[in-house]
Amino acid sequence: LYKERTAGGAGPWIVARTDCRMAYGFEEVLERCVRFEELGAEIIYAENLQSREEYEKLRSVLDCRTVTMIAQVQETMDAPWDIKQEVDRKPLLTVQEIGELGYDLALFGVTPLQCVVGALESTAKDFLRRSEHGAMVGTGIIGNGEESESSQRNIMADFSTVKRVVGFDELADFETKFPCT
């Protein structure tokens, strides 16, 4: 369907998304996505799946011609999928892994923001580390050109840091004070 649809030119696509995983469980995700497909959605995706196995199961219950998308958030920078982890410690799947799972599209919507926040934090830490001569050490722009500890590690911020920086707590407070009814 994806190849047929894209060959036919531009036009609107019907995208069906569910965010029900955490509130209602994985079985509800499966039921909703199958129903989306039955109703004619052209792209289907589910937010916040918790494992590679859940992505595999979702893909397996849908028609292979249905276009599927993985939209993921980098929670932490930790271990690969095959190591048992806490629920909120999910590394990103690579584009290759997404294709191997049978998904057609990958959405990395928050990832660039995570990179910016991580880079800003890393740079701020570098600014605070000064050599004896008062020059920054480790950037290669100012200082001796040696890499600092923060520039050697992956600088993408985890999602909890991004939420703190962009003000999710304030938004939650606002939503509590002024709920949609």
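Check the entry above for the structure.
None of these values were measured; they are calculated from a predicted model. (Residues numbered from 1 in each chain as written. Predicted model: local features only at pLDDT ≥ 70, side-chain atom pairs only at ≥ 80, totals over all residues. Heavy atoms only, no water.)

J.: Would you mind showing me how to read the overall build of the chain here?
T.: Looking only at helices and strands, the chain has nine helices and four strands in total. Starting at the N terminus and ending at the C terminus, the chain contains elements arranged as α-β-α-α-β-α-β-α-β-α-α-α-α. Looking at the chain as a whole, 33% of its 181 residues qualify as buried. Accessible surface computed for the chain: about 11600 Å², of which carbon and sulfur atoms make up 55%. (Helix = DSSP H or I, 4+ residues; strand = E, 2+ residues; numbered from the N terminus. Buried < 20%, exposed > 50% of the residue type's maximum accessible area, 1.4 Å probe, protein only. Areas by Shrake-Rupley, 256 points an atom, 1.4 Å probe, with all protein chains shown as cover.)

J.: What is the right way to read the sheet that holds strand E1 (residues 15-18) from this model?
T.: Two pairing modes exist for strands in a sheet, parallel and antiparallel, and in both the strands are linked by backbone hydrogen bonds. Read from one edge of the open sheet, four strands run E1-E2-E3-E4, paired in parallel fashion. Looking along the sheet, the strands with just one partner apiece sit at the ends: E1 and strand E4 (105-107). For this sheet, the mean inter-axis angle between neighbouring strands, taken without regard to orientation, is 25 degrees. Where strand E3 (residues 67-71) and E4 come together, three bridges link them in parallel fashion. Across the sheet, the residue bridging to Ile 70 is Ala 106, located in E4. The sheet strands contacting helix H3 (residues 26-38) are E1 and strand E2 (43-46), and the helix crosses E1 at an angle near 170 degrees. (Pairing = 2+ DSSP bridges. Axes fitted to C-alpha atoms, helices over the stretch in contact; angles between N-to-C directions. Contact = heavy atoms within 4.5 Å.)

J.: Teacher, can you tell me more about the pattern of salt bridges here?
T.: Close approach of charged atoms lets side chains of opposite charge pair. This structure, assessed with the given rule, holds ten salt bridges. As a salt-bridge pair, Arg 21 and Glu 54 come within 2.7 Å of each other at their nearest N and O atoms. Residue Arg 21 is located in helix H2 (residues 21-24), and its partner Glu 54 is located in helix H4 (residues 52-61); the two are separated by 33 residues in the primary sequence. Like Arg 21, the residue Glu 54 is buried in the burial classification. Within the structure, one salt-bridge network assembled from shared partners comprises Arg 17, Asp 19 and Glu 47. (Salt bridge = Lys/Arg side-chain N within 4 Å of Asp/Glu carboxyl O.)

J.: Looking at this structure, I do not really get unusual backbone geometry. What am I missing?
T.: Generally, phi is negative for residues other than glycine and the peptide bonds are trans, each holding for most cases. Not every positive phi belongs to a glycine, and Asn 48 is a case in point at roughly 65 degrees. Counting through the fold element by element, Asn 48 comes out in the loop between E2 and H4. Taking relative accessible area as the criterion, Asn 48 reaches 29% and is therefore assigned partly exposed.

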